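This is what each chain is made of:
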Amino acid sequence: CAPMEDGRLLEGYVDLLYQTEEGLVVVDYKTSSTAAEDEIEARLHGYRLQGQAYAVGARRATGEAITEVTFLFLTPTGPVERNIADLPETIDQTRSSASSPTWETS
């Protein structure tokens, strides 16, 4: 849970957060019944806002740079890793969206 600029709280559960020399990495595990590329990409798109919110919350809670948000899709044929592209820009967009009174995510 992290306080936002407008006094509201951003809450979520990060599966894994670890430190690198460049900064923090957020990892979220997702189960997937398939490793099909089109399905993984569609799911990544659907989880993008959640990953961005995790990055904003982790940044606000720790004061550390978030260098990567990774989704690890656990499929029957093995894990498939995907990262959110353009993370610094998307964090700024999410921070702005989170300040909107109508912003919600699950």
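Up top is the structure.
Residues numbered from 1 in each chain as written. Predicted model: local features only at pLDDT ≥ 70, side-chain atom pairs only at ≥ 80, totals over all residues. Heavy atoms only, no water.

1. Considering the sheet that holds strand 6 (residues 78–83)
Item 1. Spatially, four strands are ordered 3-4-5-6 in an open sheet, and the strand pairing comes out mixed. For this open sheet the edge positions go to strand 3 (16–19) and strand 6, each flanked by a neighbour on one side alone. Taken over all neighbouring pairs, the strand axes of this sheet differ in orientation by 25° on average, direction set aside.
Item 2. Across six bridges, strand 5 (residues 66–75) lies against strand 6 in antiparallel orientation. Within the sheet, the bridge partner assigned to L74 lies in strand 6 and is P79.
Item 3. Along the sheet, helix 1 (residues 37–62) contacts strand 3, strand 4 (24–31), strand 5 and strand 6; its crossing angle with strand 5, the most-contacted strand, is approximately 140°. (Pairing = 2+ DSSP bridges. Helix = DSSP H or I, 4+ residues; strand = E, 2+ residues; numbered from the N terminus. Axes fitted to C-alpha atoms, helices over the stretch in contact; angles between N-to-C directions. Contact = heavy atoms within 4.5 Å.)

2. What about the packing of aromatic side chains?
Item 1. Throughout the structure, instances matching the rule amount to three aromatic pairs.
Item 2. Plain terms: the ring middles of Y47 and F71 are 5.9 Å apart, the flat faces sit at 25° to each other, and that makes the pair stacked. Remark: F71 occurs in strand 5 and Y47 occurs in helix 1; sequence separation between them is 24 residues.
Item 3. Through successive ring pairs, a cluster of aromatic residues spans Y47, F71 and F73.
Item 4. The ring of Y47 is capped by K30, whose NZ or CZ atom sits 4.0 Å from the centre of that ring. (Phe/Tyr/Trp six-rings, centres within 6.5 Å; stacked < 30°, edge-to-face > 60°. Lys NZ or Arg CZ within 6 Å of the ring centre and 35° of its normal.)

3. Details of the pattern of salt bridges
Item 1. Under the definition given, this model contains four salt bridges.
Item 2. The closest approach of N and O atoms between D28 and K30, which form a salt bridge, is 2.8 Å.
Item 3. D28 gets classed as buried once you look at its relative accessible area, which sits at 3%.
Item 4. R82 is the partner of E37 in a salt bridge, and the nearest nitrogen-oxygen pair spans 2.6 Å. Note that E37 is positioned in helix 1 and R82 in strand 6, a separation of 45 residues in sequence.
Item 5. What makes E37 partly exposed here is its relative accessible area of 43%. (Salt bridge = Lys/Arg side-chain N within 4 Å of Asp/Glu carboxyl O. Buried < 20%, exposed > 50% of the residue type's maximum accessible area, 1.4 Å probe, protein only.)

4. Remarks on helix 1
Item 1. Considering bend angle alone, the principal kink of helix 1 is centred on Y47 and spans about 45°.
Item 2. Turning to helix 1, its buried residues number three or more, namely I40, R43, L44, Q50, G51, Q52, A53, Y54, A55, V56, G57 and A58.
Item 3. Just downstream of helix 1, G63 is the residue with a positive phi angle, here 75°. (Bend = angle between axes of the 7 residues up to and from the residue.)

5. Digging into the nonpolar core
Item 1. Among the nonpolar cores identified, the biggest contains 14 residues, and V26, I66, V69, F71, F73 and L87 are the most heavily contacted of them.
Item 2. Of all the elements in the fold, those that place two or more residues in this core are strand 4, helix 1 and strand 5.
Item 3. Examining the composition of this core, we find that five residues originate from one element, helix 1, more than from any other.
Item 4. In this structure, V26 is in contact with V14, L16, L17, Y54, A58, I66, E68, V69 and T70, ignoring residues within four places of it in sequence. (Core = buried A, V, L, I, M, F, W, Y, C linked by side-chain atoms within 4.5 Å.)

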